[in-house]
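Letter by letter, the chains look like this.
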Amino acid sequence: MFNYISGPTIIGLCVAALVLFFSQERSLRLPDVSLDSFRQPTAPTSYADAVKIAAPSVVNIYARKFPDKHRYPFIDDPLFRHYFNNANRAMQQRMQSALGSGVIVNTDGYILTNNHVIEGAVEIVVLISDGREALAEVVGTDAETDLAVLKVELKGLIPATLGKPKEAQIGDVVLAIGNPFGVGQTVTQGIISATGRYGLDLSNYENYIQTDAAINPGNSGGALVDAHGALLGINTAILDDASPSVGISFAIPSDQAMQVLRNIVENGRVVRGWLGVDASPAPQQVAEQVGLESGNGVIVTGVYRNGPAHLAGLLPGDIITHIDQQPVGNGRNGMNQIADKKPNDEVMVDVIRNGQRLRLIALLAEKPVLSG
């Protein structure tokens with residue numbers, strides 16, 4: 001016996017199958033998406049807007065200096081002395097002009113540049129981007145960071161927009177603005193290659209931004225700006241003076257430079273905190289023995305008598321691990337931490353002595369001025 005399915009049942013099953021088919025097709029159908037939504041953001045094709053913001057604050061600096069005196073072999077001979085004295089006076093009257101750059105940082109006329117740009121100058125002329133010239137006064141210098149502060153008496157100056165160098169990252173686009181070879185204001189472009197560079201023996205307090213933007217003689221003291229025209233640093237050095245623009249150049253972070261400027265304006269010089277110790281990085285073997293983190297810790301090799309460290313109880317052989325609970329690293333971090341503080345500030349110094357961890361309190365003094 002066969003059981004037959006009735007006509008209405010067959011029709012119902014067909015309708016159900018069709019509904020199921022179309023509902024599945026609808027669920028599998030992809031939404032309409034524009035190809036534009038898959039495109040990645042692209043870099044700007046021009047940095048003209050950034051240059052318009054930054055360029056008016058960058059100045060050309062002409063520092064007039066006496067040339068090196070050349071001593072002739074017969075200059076002390078009584079017979080020839082008269083002639084050489086006349087030649088020497090004429091030579092002293094001729095002065096050479098050193099070229100560099102600077103950055104206007106406020107409307108009062110303060111300008112940041114490098115110390116080596118104006119060192120030994122008897123007259124400094126500043127050329128503003130709008131064509132005006134002015135004699136500049138040296139407010140103060142800081143050889144330990146290779147920075148100098150100038151001041152001009154001009155109205156309508158356009159100061160730099162300060163950036164945030166601590167937020168700068170490797171790979172960020174940067175622009176270098178200055179006066180290379182005295183040809184006039186020039187802009188070059190590159191990226192940040194590294195941050196926090198030190199150990200270059202360029203100055204005592206090194207914390208450089210490294211860039212591959214083309215920088216040449218005459219760029220010193222000029223601006224390193226981000227892609228929006230904000231000041232990230234003061235261009236200071238290239239890798240090798242004999243081979244300009246090799247793609248490795250260094251700039252002092254703008255926040256550090258501004259701190260030096262404020263110190264000079266307020267005190268006439270840079271006043272730094274001083275702990276009064278000589279130290280060297282802890283060797284890896286010693287660090288492992290006392291359980292130090294890799295690359296952190298310095299051994300005290302000398303303590304200045306009656307200095308802050310001596311009065312706080314530090315001893316040669318102590319291993320300093322932290323200043324105010326911040327790791328000292330290989331000593332560079334700790335050195336900068338101390339220098340950033342003021343005399344009479346208290347600091348906590350964590351040390352390891354004979355395997356025991358101690359915390360000492362030191363009252364900082366003013367860092368002695370380097371002699372000659």
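Fair warning: this is a prediction, and the values are worked out from it, not measured in the lab. What you see as residue numbers is a count from 1 along each chain, following the sequence as written. Local features are withheld for residues below a pLDDT of 70 in this predicted model, meaning they are given only at 70 or higher, and side-chain atom pairs are given and counted only at 80 or more; totals for whole chains, interfaces and linings count all residues. In computing side-chain values, all of the structure's heavy atoms are included and hydrogens and water are not.

Undergrad: Tell me about the side chain of T188, residues and numbers included.
TA: Only DSSP runs of H or I with at least four residues qualify as helices, and only runs of E with at least two residues qualify as strands; both kinds are numbered from the N terminus onward. With respect to the element layout, T188 can be found in strand β9 (residues 186-197). Residues adjacent in sequence count toward polar contacts only when both atoms are side-chain atoms; beyond that, a polar contact is any pair of N or O atoms within 3.5 Å, and within protein one must be able to donate a hydrogen and the other to accept it. Here the side chain of T188 touches A214 through a polar contact of 2.7 Å, landing on its backbone oxygen. Residue contacts for T188: discarding those within four places in its chain leaves V174, L175, A176, A213 and A214. Whether two residues touch is decided by their heavy atoms; if any such pair falls within 4.5 Å, the residues are in contact.

Undergrad: Which residues make up the pairing of strand β13 (residues 249-253), and what values do they have?
TA: Sheet faces and side chains relate simply in a regular strand, where the side chains alternate between the two faces. The classification of residues rests on relative accessible area computed with a 1.4 Å probe and restricted to protein chains. Under 20% of the type maximum is buried, over 50% is exposed, and intermediate values are partly exposed. Summarising burial for β13: five of the five residues are buried, a large majority. Strand pairing is assigned whenever DSSP detects at least two bridges linking the two strands. As judged from the three bridges shared by strand β10 (residues 208-211) and β13, these two strands associate in the antiparallel manner. In the strand pairing of β13, I209 is matched with A251.

Undergrad: How would you summarise the sheet that holds β13 if you had to cite specific residues and measurements?
TA: Pairing within the closed barrel is antiparallel, and its six strands lie in the order β8-β9-β10-β13-β12-β11. Between one strand axis and the next, the sheet turns by 45 degrees as a mean value, whatever way the strands run. With three bridges joining them, β9 and β10 adopt antiparallel strand pairing. Looking at β10, one finds that I192 is bridged to T211. As a rule, the C-alpha atoms of each element are fitted with a line to give its axis, helices using only the stretch in contact, and angles between N-to-C directions run from 0 to 180 degrees. Contacting β12 (231-238) and β13, helix α5 (residues 254-267) crosses the sheet at an angle of about 55 degrees to β13.

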